[in-house]
Amino acid sequence: MHLLKHRDHRKMPWKNGGGVTYEVAAAPDGAALDAFDWRVSMAFVAAPGPFSAFPGCDRILTVLSGGPMTLRVGDAPARMLDDASTPFAFAADVPCAAETVDTALLDLNVMVRRGRATASVTRHRGVNLRISPRETSTTLVLVKGGTAAINCLPTLMQDGDVLKLAPSDPPVTISAGAEAVLYEIRITTAQGH
């Protein structure tokens, strides 16, 4: 297991140049934006505008703080997203834009290349989260808004830190502090990827 510290997330421009993103993890490690099997990142959205297109990919977007934001994907009705909204899954190659942004927000983006991986994101508030990594290829847990303790590590997770678990890692329990929210990201890769 690896504790990925917030300060170490790789800062880079959006693919379309419209903002800044912080890459948390990707597979293969260090993969270019057109070559990843999966990618987890956080991005600031400060104003309305288009989202980057990722051909052949699916995206799950979750607002971590700030907002709300009105998001329009293709011809579907616009959706209002905030930090209480269910993580929103959509095709990353369909035109997508933030139509309104009430307050600058930070979002979590989980992207997978179709046929190579699938993903899910679950928000947990006020719980002790028990993770059994063997159920998926990779499990990541992001802490936001506070701290969290990991039963097998002496270090506290700080706001923005991510615990990355491989299938071979033992089960862990993550205990969130009073203000913290945990985001559980499960990624399953297809055979051969």
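Residues numbered from 1 in each chain as written. Predicted model: local features only at pLDDT ≥ 70, side-chain atom pairs only at ≥ 80, totals over all residues. Heavy atoms only, no water.

S.K.: How would you summarise the pattern of salt bridges if you had to cite specific residues and measurements?
M.R.: Per the stated rule, a full pass over the model turns up 9 salt bridges. In this structure, glutamate 23 and arginine 10 form a salt bridge, with 3.0 Å as the shortest nitrogen-oxygen distance. Note that glutamate 23 is positioned in strand β3 (residues 20–27) and arginine 10 in strand β2 (residues 10–13), a separation of 13 residues in sequence. Since its relative accessible area comes to 40%, arginine 10 is described here as partly exposed. (Salt bridge = Lys/Arg side-chain N within 4 Å of Asp/Glu carboxyl O. Helix = DSSP H or I, 4+ residues; strand = E, 2+ residues; numbered from the N terminus. Buried < 20%, exposed > 50% of the residue type's maximum accessible area, 1.4 Å probe, protein only.)

S.K.: Which residues make up the pairing of strand β13 (residues 128–131), and what are the values?
M.R.: The two faces of β13 differ: Leu129 and Ile131 on one face are buried, but Asn128 and Arg130 on the other face are not. By the bridge criterion, 4 bridges tie β13 to strand β17 (residues 172–176) in an arrangement that is antiparallel. Residue asparagine 128 lies in a different strand from β17, and its bridge partner there is serine 175. (Pairing = 2+ DSSP bridges.)

S.K.: Any chance you could break down the environment of aspartate 107 for me, citing the residues and the numbers?
M.R.: By secondary structure assignment, the location of aspartate 107 is in strand β11 (residues 105–113). Each C-alpha atom of the pair aspartate 107 and methionine 42 lies 5.5 Å from the other, and the pair is 65 residues apart in sequence. Those residues in contact with aspartate 107 that sit more than four places away from it in its chain are Ser41, Met42, Ala43, Val45, Phe51, Leu61, Thr62, Val63 and Leu64. At 2.7 Å, the side chain of aspartate 107 and the side chain of asparagine 109 are in polar contact. (Contact = heavy atoms within 4.5 Å. Polar contact = N/O pair within 3.5 Å; in protein donor to acceptor, adjacent residues only side chain to side chain.)

S.K.: Can you explain the nonpolar core? Please cite residues and give values.
M.R.: In this structure, Trp38, Val40, Leu108, Leu140 and Ile185 are the most contacted members of the largest nonpolar core, which totals 21 residues. Excluding anything up to four places from it in sequence, isoleucine 185 contacts Val40, Leu108, Val110, Ser120, Val121, Thr138, Thr139 and Leu140. Listed in part, the 16 residues of the second largest apolar core include Leu61, Leu71, Cys96 and Val101. (Core = buried A, V, L, I, M, F, W, Y, C linked by side-chain atoms within 4.5 Å.)

S.K.: Describe unusual backbone geometry, and please don't skip the residues or the numbers.
M.R.: In the segment running from alanine 27 into proline 28, the intervening peptide bond is cis, with an omega of -5°. Cis geometry is found at the peptide bond from glycine 67 to proline 68, where omega equals 5°.

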